[in-house]
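Okay, here's what each chain looks like letter by letter:
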Amino acid sequence: MLLTNCHVASLHGDTPYGAIQTGAIWMRDAKIAWVGAKGDIPTAAREDASVDLEGRLVTPGLIDCHTHLVFGGDRADEFEKRLNGVSYEEIARAGGGILSTLTATRQASEDALLQGALTRLDALIGEGVTTVEVKSGYGLEADTELRMLRVARRLAKHRDIDVQTTYLAAHAVPPEYAGQAVAYLDEIVIPTMRLAAQDGLVDAVDGFCEGIAFSTAQIARVFDAAKALNLPVKLHAEQLSHQGGTALAAQQGALSVDHLEYATAADAKAMSQAGSVAVLLPGAFYTLRETQMPPVQAFRDHDVPMALATDCNPGSSPLASLLLAMNMGCTLFRMTPEEALAGVTRHAARALGLSDRGEIAPGQRADLAVWDVQKPAELAYRIGFNPLYKRIKGGVV
Ligand code: DI6
Ligand code: FE
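In this text the structure is predicted, and so the values were computed from the model without any measurement.

**Q** With reference to specific residues and values, describe the sheet that holds strand E11 (residues 256-259).
**A** Consider a sheet: its strands pair through backbone hydrogen bonds, and that pairing is either parallel or antiparallel. Judged by pairing direction, the sheet is parallel, and its eight strands sit side by side in the order E6-E7-E8-E9-E10-E11-E12-E13 without closing on themselves. If you trace the sheet from one side to the other, it starts and ends with strand E6 (62-64) and strand E13 (306-308), each paired once. When strand polarity is set aside, the average angle formed by the axes of neighbouring strands in this sheet is 25°. Two strands pair when backbone bridges link them, and strand E9 (residues 204-209) and strand E10 (residues 234-237) are joined in this way by two bridges, in the parallel orientation. Paired with Phe208 across the strands is His236, a residue of E10.

**Q** Account for the coordination of the iron ion (ligand 2), with residues named and values stated.
**A** Angles between donor atoms at a metal ideally measure 109.5 degrees for a four-coordinate tetrahedral arrangement and either 90 or 180 degrees for a six-coordinate octahedral one. On the protein side, the iron ion (ligand 2) has His66 (NE2), His68 (NE2), His236 (NE2) and Asp311 (OD) as donor atoms, found 2.1 to 2.3 Å from it. For the iron ion (ligand 2), the donor residues sit on a single chain with the sequence spacing H-x1-H-x167-H-x74-D. Taking relative accessible area as the criterion, His68 reaches 2% and is therefore assigned buried.

**Q** Could you give an account of the site of ligand 1, naming the residues involved and the relevant values?
**A** Around ligand 1 sit 14 residues in total, of which Arg75, Tyr88, Tyr138, His171 and Ser316 are the nearest. Here an oxygen atom of ligand 1 sits 2.8 Å away from a polar atom, N or O, in the side chain of Arg75. Take His171: an N or O atom from its side chain is 2.8 Å from a nitrogen atom of ligand 1. For ligand 1, the accessible surface in isolation is 320 Å², of which the surrounding protein chains cover 100%.

**Q** Quick rundown of the packing of helix H6 (residues 142-158) against helix H7 (residues 181-198)? Include the residues and the values.
**A** For the pair H6 and H7, interaxial distance at closest approach is 10 Å and the crossing angle is 40°. For the element pair H6 / H7, the angle class is oblique. For the element pair H6 and H7, the recorded crossing hand is right-handed. When H6 is examined against H7, the residues Ala142, Glu145, Leu146 and Leu149 are found in contact with a partner set consisting of Ile188, Thr192, Leu195 and Ala196. Taken together, the residues of the contact of H6 with H7 break down into six nonpolar, one polar and one charged.

**Q** Summarise the pattern of salt bridges; cite the residues concerned and give the values.
**A** Taken as a whole and judged by the stated rule, the model has 23 salt bridges. We note a salt bridge from Arg154 to Glu110, for which the minimum N-O separation is 3.1 Å. Residue Arg154 is found in helix H6, and its partner Glu110 is found in helix H5 (residues 110-125); the two are separated by 44 residues along the sequence. We note a salt bridge from Glu133 to Lys135, for which the minimum N-O separation is 2.7 Å. In this structure Lys135 comes out as buried when scored by relative accessible area, which is 1%.

**Q** Please set out the packing of aromatic side chains residue by residue, giving values where relevant.
**A** Under the defined criterion, the tally for this structure stands at four aromatic pairs. Relative to Tyr138, the ring of Phe71 has its centre 6.3 Å away and its plane inclined at 75°; by these criteria the two rings are edge-to-face. Of the two residues, Phe71 sits in the loop between E6 and helix H2 (76-83) while Tyr138 sits in the loop between strand E7 (129-135) and H6, which places them 67 residues apart along the sequence. Considered together, Phe71 and Tyr138 belong to a single accessibility category, that of buried residues. Pairwise contacts between aromatic rings join Tyr177, Tyr184 and Phe214 into one cluster.

**Q** Outline the pairing of strand E5 (residues 57-60), supporting the account with residue identities and numerical values.
**A** Sheet analysis places strand E1 (residues 2-9) next to E5, joined by two bridges and oriented parallel. Residue pairing in the sheet places His7 in a bridge with Leu57 of E5. Here four bridges tie E5 to strand E14 (residues 368-371), and the two strands are oriented antiparallel to one another. Bridging across to E14, Val58 finds its partner in Val370.

Criteria and cut-off values
- Residues numbered from 1 in each chain as written.
- Chains lettered and ligands numbered in written order.
- Predicted model: local features only at pLDDT ≥ 70, side-chain atom pairs only at ≥ 80, totals over all residues.
- Heavy atoms only, no water.
- Pairing = 2+ DSSP bridges.
- Helix = DSSP H or I, 4+ residues; strand = E, 2+ residues; numbered from the N terminus.
- Axes fitted to C-alpha atoms, helices over the stretch in contact; angles between N-to-C directions.
- Donors = N, O, S within 2.8 Å, 3.2 Å for Na, K, Ca; no water.
- Buried < 20%, exposed > 50% of the residue type's maximum accessible area, 1.4 Å probe, protein only.
- Near = heavy atom within 4 Å.
- Polar contact = N/O pair within 3.5 Å; in protein donor to acceptor, adjacent residues only side chain to side chain.
- Areas by Shrake-Rupley, 256 points an atom, 1.4 Å probe, with all protein chains shown as cover.
- Parallel < 35°, antiparallel > 145°, perpendicular 65-115°, else oblique.
- Left-handed = near helix turned anticlockwise from the far one by under 90°.
- Contact = heavy atoms within 4.5 Å.
- Nonpolar A, V, L, I, M, F, W, Y, C, P; charged D, E, K, R; others polar.
- Salt bridge = Lys/Arg side-chain N within 4 Å of Asp/Glu carboxyl O.
- Phe/Tyr/Trp six-rings, centres within 6.5 Å; stacked < 30°, edge-to-face > 60°.

Okay, here's the thing in structure tokens:
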């Protein structure tokens, strides 16, 4: 199929947005075969069916590279508590927070978890998302962690979307192991990682390095186990305080380090040397009313690619809009609209270790979003407005 008469933000190459004014895109066998100016369309492409996009904007399909889409229950009560002055960390230490979602998730059937996740997934798909990452981490026991990962995989059978799964059993210490983090890692996290990997349920391994979660030495144990299984790693680090998780993750060649509000310029330098992507999550920053900004300028100075994601989860970021995450990335973190768009396409792909998507270029997957806007900056500019016109997955509209 040939798409004609469109503006293209290809995110490919070094020009702003990789923009092509009045361009065309030729798709064959679920891939981009050619993209360029309307006047240069190859002869063979002219023989295919063509669609006139009437001057609309085409971007790569959006990629949400950090979500906790699968969970049971909700945390509206905690939202109320926080508004009455109790902090996120106090709630977590008192057995609420991640642990309250744990109880609801353990009790939920596979089908109930699937239905809940599909609702949130549909919101993302409605905004042109074509690849989503989904983490486990609300089971913290073998059965429920595996169930969450199976649900994540099943999402791709129910919707036309690619799902990357991340094993996050090192998200919190469950109550049955209170005060015994290392035993939890050795008896549950690492053996279950092996089972999940055997069943093909894991694309990457993640952890939460924080005062209320795991220390760097504990995360190092998880990463060693991942390495033995040849699984790439990523890390929630420096979200609420500086713990040194970023340096560890960089040293281990992590695909990405996520959150990063309390990261330093030295952390940015280490990430740059490792090639790790900085995944910024303004939905959590906003929800927790954080005031410490991630070191965006240091990431720029050190050429660390920045991705943006929803972090969709029931506690710190009940956000199911990647467009709003882009707006927040600009308004709260002072990212440019171009950085925000690269953050949900090109750099988000890289945060997942995927090189076949995130740009509009020959050989890339034909995953596209067509927008009823003129300029790419409009995607990050508006609030609560969805200008998606068509979503194209694998060359199919
Ligand atoms: N950081 C977060 O923001 C989420 N997980 C994490 O490690 C929050 C998870 C939750 O509050 O349920
Ligand atoms: Fe998260």
